[in-house]
Amino acid sequence: KAGVTQTPRYLIKTRGQQVTLSCSPISGHRSVSWYQQTPGQGLQFLFEYFSETQRNKGNFPGRFSGRQFSNSRSEMNVSTLELGDSALYLCASRAGGFTGELFFGEGSRLTVL
Amino acid sequence: GESVGLHLPTLSVQEGDNSIINCAYSNSASDYFIWYKQESGKGPQFIIDIRSNMDKRQGQRVTVLLNKTVKHLSLQIAATQPGDSAVYFCAENSPGNQFYFGTGTSLTVIP
């Protein structure tokens, strides 16, 4: 079955703009998590959605937001982009509950100029 | 907050040798751990997992060891191959919470 799909794979924005990233989880998976990965850093947790509800949130400013649709697809939005937002944004899905393996997509690489 | 750290940021091994990658975690309530491999330009890929009721788990060429007393996790790769060159992350999970990831160890296999 298809894996986690993220779009777009690459994008370039300028400071002050906003961006929306999309994630389609593995079919049947109800949990979607978002992570930010920057050079030299590990994966920093942004938020997790389960059945359209945010159930965990990391320590990111309010400029970072997300949502999940009834078909489990998820989007994250970053408003008023800053240079430091340049990163690989990874989406991961899992079947549900609070256990089980996370399956990652290939990520969306955002460059802010 | 919780932290998951790795003892060594980089590791170089000769092809055919065994590799050991270490990870320390801080949350004693964590009961599920995963090792991921990330190749350049790709998303993290699951390698092996282990639950806290186990001390050791083996997969194909990989073994994960869990020492709950000192909150330490290790990944052993047998007969390391050039295709094993990547960044390896450990991740911990406690009930009701998200996964926390370490900063990663970069493994380079020397032919």
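Refer to the structure printed above.
What you see is a predicted model, and the numbers here were worked out from it, not measured in a lab.

K.L.:
Quick one: what's the story with the pattern of salt bridges, residue by residue and with numbers?
P.N.:
Using the criterion set out here, one finds nine salt bridges over all chains in the structure. Measuring nitrogen to oxygen at the nearest pair gives 3.6 Å for the salt bridge that ties Glu82(A) to Arg63(A). Taken as a pair, Glu82(A) in the loop between strand E8 (74-78) and strand E9 (87-94) and Arg63(A) in the loop between strand E6 (53-57) and strand E7 (64-68) lie far apart in primary sequence, 19 residues in all. Look at Glu82(A) and you get partly exposed, because its relative accessible area is 42%. Residue Arg63(A) is classed as buried on the basis of its relative accessible area of 16%. The salt bridge involving Arg57(B) is made with Asp49(B); its shortest N-O contact spans 2.2 Å. For Asp49(B), a relative accessible area of 13% puts it in the buried group. One continuous salt-bridge network, built from bridges that share partners, spans Glu48(A), Arg55(A) and Arg94(A).

K.L.:
Please provide a residue-by-residue account of the state of the cysteines, values included.
P.N.:
For the structure on display, the rule yields two disulfides over all chains. Each disulfide pairs two cysteine sulfurs, and for Cys23(A) the partner residue is Cys91(A), the sulfurs being separated by 1.8 Å. Across the disulfide from Cys23(A) to Cys91(A), rotation about the S-S bond amounts to roughly -60°, and the bridge is consequently left-handed. Here Cys23(A), found in strand E3 (residues 19-24), pairs with Cys91(A), found in strand E9; they are 68 residues apart in sequence, far enough to count as distant. Paired by a disulfide, Cys23(B) and Cys90(B) hold their sulfur atoms 1.8 Å apart. Between Cys23(B) and Cys90(B), the S-S dihedral sits near 55°, and the bridge is therefore right-handed. Here Cys23(B), found in strand E3 (residues 19-25), pairs with Cys90(B), found in strand E9 (residues 86-93); they are 67 residues apart in sequence, far enough to count as distant. Each of the two residues, Cys23(B) as well as Cys90(B), counts as buried.

K.L.:
Could you give an account of the nonpolar core, naming the residues involved and the relevant values?
P.N.:
Residues Trp34(A), Leu46(A), Phe64(A), Met76(A) and Tyr89(A) are the most contacted members of the largest nonpolar core, which totals 21 residues. Contributions of two or more residues to this core are made by E3, strand E4 (31-37), strand E5 (43-50), E8, E9 and strand E11 (108-112) of chain A.

K.L.:
Which residues make up the interface of chain A and chain B, and what values go with them?
P.N.:
The interface is formed by 21 residues belonging to chain A together with 19 residues belonging to chain B. Taken together, chain A and chain B are joined by zero salt bridges. Scanning the region where chain A abuts chain B turns up five residue pairs in polar contact (both at pLDDT 80 or more). Of all elements in the fold, only E4, E5, E6 and E9 of chain A reach the threshold of two or more residues within the side of chain A that touches chain B. No other element matches the three residues that E9(A) contributes to the side of chain A that touches chain B. Broken down by class, the residue content of the side of chain A that touches chain B amounts to eight nonpolar, eight polar and five charged.

K.L.:
Tell me what's going on with the sheet that holds strand E1 (residues 5-7) of chain A, and back it up with residues and numbers.
P.N.:
Residues and elements named next belong to chain A. Strands sit in the order E1-E3-E8-E7 across an open sheet of four strands; the sheet is antiparallel. On the outer flanks of this sheet lie E1 and E7, each paired with one strand and no other. Averaged over all pairs of adjacent strands, the angle between strand axes in this sheet comes to 15°, irrespective of strand direction.

Scoring rules and cut-offs
- Residues numbered from 1 in each chain as written.
- Chains lettered and ligands numbered in written order.
- Predicted model: local features only at pLDDT ≥ 70, side-chain atom pairs only at ≥ 80, totals over all residues.
- Heavy atoms only, no water.
- Salt bridge = Lys/Arg side-chain N within 4 Å of Asp/Glu carboxyl O.
- Helix = DSSP H or I, 4+ residues; strand = E, 2+ residues; numbered from the N terminus.
- Buried < 20%, exposed > 50% of the residue type's maximum accessible area, 1.4 Å probe, protein only.
- Disulfide = S-S within 2.5 Å.
- Core = buried A, V, L, I, M, F, W, Y, C linked by side-chain atoms within 4.5 Å.
- Contact = heavy atoms within 4.5 Å.
- Polar contact = N/O pair within 3.5 Å; in protein donor to acceptor, adjacent residues only side chain to side chain.
- Nonpolar A, V, L, I, M, F, W, Y, C, P; charged D, E, K, R; others polar.
- Pairing = 2+ DSSP bridges.
- Axes fitted to C-alpha atoms, helices over the stretch in contact; angles between N-to-C directions.

It is worth stressing that arrangement in space is one thing and function is another; only the former is reported here.
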